[in-house]
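Fold and contact review
Here are the chains, one letter per residue:
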Amino acid sequence: MGGFYAAVVVRGFRRFATYRVATAAGVFTNTVFGLIISYSYIALWDQRPHLGGYTEAQALTYVWVGQGLLAAMAQMGGGFETEMMERINSGAIAVDLYRPADLQGWWLAADLGRAAFQLLGRGVVPIACGALVFDLALPASPLVWLLFAAAVALGTVVSFAIRFLVGLSAFWLLDGAGVVQMTWIVGLFFSGMLLPLNAFPGALGDIAQALPWSAMLQVPADVLLQRRHGADALLALAFEAGWAAVLLAAGRLLQGVATRRVVVHGG
Amino acid sequence: MAESAARTRATPAAERTPGAVAESVRAYRLVVGMWMRSTMAYRASFVMTALGNLAATALDFVTIVLMFSHIHALGGFTLPEIALLYGTASTSFGLADLLAGSLDRLGERVRDGTFDTLLLRPAPVLAQVAADRFALRRLGRVTQGVLVLGWSLPRVDVHWTVVNVALLPVTLLAGAAIFCAVFVAGGAFQFWAGDAAQVQNSVTYGGATLLQYPPGIFSRELLRGVTFVVPLAFVNWLPCLRMLGRPDPLGLPGWVDFAGVPVALLCCALAGVVWRAGVRSYRSTGS
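Keep in mind that this is a model prediction, so the values were computed, not measured.

Regarding the interface of chain B and chain A
In this assembly, 31 residues from chain B lie in contact with 32 residues from chain A. Here the side of chain B that touches chain A gets 10 residues from one element, more than from any other, and that element is helix α4 (residues 43-67) of chain B. Here the side of chain B that touches chain A is composed, by residue class, of 18 nonpolar, 12 polar and one charged.

Section: helix α5 (residues 79-100) of chain B
Taking 1.5 Å as the rise per residue, α5 of chain B with 22 residues should run 32 Å; its terminal C-alpha atoms sit 30 Å apart, in good agreement. Counting buried residues in α5 of chain B gives 21 out of 22 residues, a clear majority hidden from the surface.

Some points on the environment of A20 of chain B
Residue and element names in this part refer to chain B. Take A20: it is sitting in helix α3 (residues 18-40). Among the residues examined, A20 registers 14 C-beta atoms within 10 Å and is labelled partly exposed. Along the primary structure A20 and A100 are separated by 80 residues, whereas in three dimensions their C-alpha atoms are 18 Å apart.

With respect to the UniProt feature "transmembrane region" (unreviewed entry) in chain A
Residues and elements named next belong to chain A. Within this numbering scheme, the UniProt entry marks residues 21-42, 62-80, 119-138, 144-166, 173-195 and 233-251 as carrying the feature "transmembrane region" (unreviewed entry). From the first C-alpha to the last, residues 144-166 spans 33 Å; its make-up is 100% helix and 0% strand. Note that residues 173-195 is 65% helix and 0% strand, and that its end C-alpha atoms are spaced 32 Å apart.

Some thoughts on the environment of A57 of chain A
Residue and element names in this part refer to chain A. Here A57 shows up in helix α3 (residues 56-70). The spacing of A57 and A7 is 50 residues in sequence and 40 Å in space, taken between C-alpha atoms. In this structure, A57 is in contact with D135, L136 and A137, ignoring residues within four places of it in sequence.

Section: the UniProt feature "transmembrane region" (unreviewed entry) in chain B
Residues and elements named next belong to chain B. Mapped onto this numbering, the UniProt entry gives "transmembrane region" (unreviewed entry) at residues 44-68, 158-184 and 259-279. As annotated, residues 44-68 comprises 96% helix and 0% strand, and the C-alpha atoms at either end are separated by 35 Å. Structurally, residues 158-184 comprises 85% helix and 0% strand, and the distance from its first C-alpha atom to its last is 34 Å.

Analysis parameters
Residues numbered from 1 in each chain as written. Chains lettered and ligands numbered in written order. Predicted model: local features only at pLDDT ≥ 70, side-chain atom pairs only at ≥ 80, totals over all residues. Contact = placed C-beta atoms within 7 Å. Helix = DSSP H or I, 4+ residues; strand = E, 2+ residues; numbered from the N terminus. Nonpolar A, V, L, I, M, F, W, Y, C, P; charged D, E, K, R; others polar. Expected span 1.5 Å × (residues − 1). Buried ≥ 20, exposed ≤ 12 C-beta atoms within 10 Å, placed from the backbone. UniProt positions renumbered as here; feature names shortened; annotations may be inferred.

Quick look at the structure:
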């Protein structure tokens, strides 16, 4: 059974690897946005040199890590949820439920494959471009990179688990476009993509750091920047794993309720 | 068949007559009307997406406000001054996105061959593509831009001379026209590279983000690029710097601050040429 889901992961990877021009176009756009945001952060950190505990180099690293993770975390769409909603609307979901594969497991495997490709295809080049133009605070220790990789992997699962709940909402709503859009907005804001959460003022920052979206950027970035190191880095990973478990369980529960609503008509 | 249709459609003389313009506007309004009725079939979803659109764009501004919880000036600009830049950029871009934003989905139609259907219809192609899947929810961005602009106007230190008062609406419209030209050129580009649709996002959405910040914080190479290559600086930077009485970091002569309208017209003309070349080069998938 593990081999089956591994095969779905590989196919998910290959499916997205097919679109090379689109990937190059995405890399270009991420790089342009990285440039624009970098200059605005330079102006900001010029006024407040240690804002949120980051140096300017750390803030710039944060920008480029964010651009590198944007596609992998499917923060602006491109994930499976729209496809799943279409299948729910068209009724094709009945075929999926009839298959000898678990619905959540299938989509999780496919989405992890996608994320793995987009991490390599759309993550590496923007960060390299950023490192060419600006002085970035990238760590030398392989252990830190390993912890970062674990944080990103867990962040991807959290991202999936949230989008799975969003996708299931199509069982109740006829047109899920509104929910998908709301999810993007909340995700972009609370992951720290627009501004690092540690630069949010007061209680808003504390709340944002405790919410699951922080696993998509703030937590992995803090591990990479060694703002969270040693035992604290492990605590950060445990935080992500906790949210992943809670959200996956919620998805499983909702999936049970939703599939009981499915009525398959003959013909 | 598609090819011959493309030839008749791209006949320049027929499209330059006033009758052809009226025909385009009529076709555009018909298609837009159809999509609006279709949108209103799912009213709850429309309300959510329109509010979502407003909230999504508002978050950009919230980010800037959060930045200002730590600082008093960014790149030498106060919050109301940045709000002026933000409001003008957002309103212009929002209008262009509403009117012509659908052009960024042209690649899909080229890929799956449904562009043939548009060529066969007795209506101007550009009008059809621009109105295709018209999304009324994009009013959210315009509304938000106008609100921020309205908030900034009484708070910025501008001498409201006749010139400055006239410059503001002209700037908003010329800016919208420049962004529309970018959408048309970007759409035409997808005839050649349908999969690369994302590239134009870096000029449209990226441009709108860029123009929210004072030009002084960016590198000179970037400023030259958005002045002379893709003339986004004319959307709001140059006229706003004039209104605020601030120097332009590139040190261009003063009259360029008023060049928005001619630049917009030039952009539209160039976009039209690129669009025609794109339509002419279109080859149906044949399926």
